[in-house]
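# Structure at a glance
Each chain is listed here by its residues.
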Amino acid sequence: MANVRPKKALGQHFLTDLDVAARIAATIDDCPDLPVIEVGPGTGVLTRFLLDAGRDLTVVELDSESVQYLREGHVARLMPERIVEADFLRLDLGQLTAGRHCCIIGNYPYNISSQIFFKVLDNHDLVDECAGMLQREVAERICAREGTKARGILSVLLQVWYDAEYLFTVSEHVFNPPPKVKSGVIRLRRNGVTDPGCDFDLMRLVVKTTFGQRRKTIRNSIRGLLPAGVTFPADCELGALRPEQLSVEQFVILTNLTAELRQ
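Presented here is a report on the structure given in the accompanying data block. Note that the coordinates shown come from a computational prediction; the quantities given were computed from them, not determined experimentally.

The next subject is the environment of Arg262. Along the chain, Arg262 turns up in helix 10 (residues 248–262). Classification of Arg262 as partly exposed rests on a relative accessible area of 39%. The sequence separation of Arg262 and Glu244 amounts to 18 residues, and the corresponding C-alpha distance is 23 Å. Dropping the residues within four chain positions of it, Arg262 is found in contact with Leu202, Leu205, Leu225, Leu226 and Pro227.

Laid out in structure tokens, this is it:
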């Protein structure tokens, strides 16, 4: 098999610039002892640099054409048993890593990039670091701080557990086929938090509810989570804010207050 065709249905845009691939691979150089899972290796452009760095690498690829290409040995030192043909979103990460902590990296398909990071969120106890390239708008949203319009559900929930950094922007002209938008490379590093200080499941609900009505103030958007007849305290300053204005710490306070009001 000489070539692998990028498939629109899978959101594939194969990176062709080796300098960019090397820069992405280097984003996880600070955790050299952790096993690495690469999501969507495609033709192995990023894979080569990870192997050159001596990483303990497993690749997960859904596209059977890409899997065949990799298994034919087109990427030196990539062992067939380290090529997992599967949907990353459906994988049991604990089983894949045998319970070991890991790094996740990839040139992520645009059409599932947000879902990939929700999976990272669900596995924050295993994923110590996550880096890679995705649509710039989504990358900026994940790294957005409070007080910015890009702030959203993923920003808040991921930043409970991770320090998020936007590293650099990638031109649309270094892909085959070129996407219609620029890409952004980001890195998430576990911040050491083991207890967010609230019921995290309730926090997820609070965050999703308030951002689902982001034009409303917290006082009004949170109303649907409270029992009939219970109102948000008039003297709570958070009530006058909108969700993108709240820090992680303020969402923790809001979650605990919501828990009290629901009792």
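That bond from Asn176 to Pro177 is cis: its omega, -10°, falls within 30 degrees of zero. Inspection of the secondary structure puts Pro177 in the loop between strand 8 (175–176) and strand 9 (183–190). Within the chain, Arg77 stands out as a residue other than glycine whose phi angle is a positive 75°.

Looking now at the layout of surface pockets. If a probe as big as a water molecule is rolled over the atoms, it shows which places are left empty. Approximately 430 Å³ is the volume found for the largest pocket. Looking at the largest pocket, it is lined by 29 residues, and the ones nearest its centre are Leu10, Gln12, Gly40, Glu61 and Pro109. Mapped by element, the contributors of at least two residues to the lining of the largest pocket are strand 1 (14–15), strand 2 (36–39), helix 2 (45–52) and strand 3 (57–61). For the lining of the largest pocket, the class distribution of residues is 17 nonpolar, eight polar and four charged.

So, on to the packing of helix 7 (residues 153–161) against helix 8 (residues 200–211). Remark: helix 7 packs on helix 8, axes separated minimally by 9 Å, with the N-to-C direction vectors making an angle of 155°. The orientation of helix 7 relative to helix 8 falls into the category roughly antiparallel. Pair helix 7 / helix 8 crosses with right-handed handedness. Residues Ile153, Val156, Leu157, Val160 and Trp161 of helix 7 pack against Phe200, Met203, Arg204, Val207, Lys208 and Phe211 of helix 8. Here the contact of helix 7 with helix 8 is built from residues that sort into nine nonpolar, no polar and two charged.

Most of strand 9 is tucked away, with six of its eight residues classed as buried. One ladder, built from seven bridges, connects strand 6 (residues 127–135) with strand 9; its direction is antiparallel. Directly across from Glu129, in strand 9, lies its bridge partner Arg189. With eight bridges joining them, strand 7 (residues 162–170) and strand 9 adopt antiparallel strand pairing.

The rules behind each value
- Residues numbered from 1 in each chain as written.
- Predicted model: local features only at pLDDT ≥ 70, side-chain atom pairs only at ≥ 80, totals over all residues.
- Heavy atoms only, no water.
- Helix = DSSP H or I, 4+ residues; strand = E, 2+ residues; numbered from the N terminus.
- Buried < 20%, exposed > 50% of the residue type's maximum accessible area, 1.4 Å probe, protein only.
- Contact = heavy atoms within 4.5 Å.
- 1 Å grid on protein atoms, 1.4 Å probe; cavity = no way out; pocket = protein on both sides within 12 Å on 5 of 7 lines; lining within 4 Å.
- Points joined across faces, edges and corners; volume = space filled by probe spheres on them.
- Nonpolar A, V, L, I, M, F, W, Y, C, P; charged D, E, K, R; others polar.
- Axes fitted to C-alpha atoms, helices over the stretch in contact; angles between N-to-C directions.
- Parallel < 35°, antiparallel > 145°, perpendicular 65-115°, else oblique.
- Left-handed = near helix turned anticlockwise from the far one by under 90°.
- Pairing = 2+ DSSP bridges.

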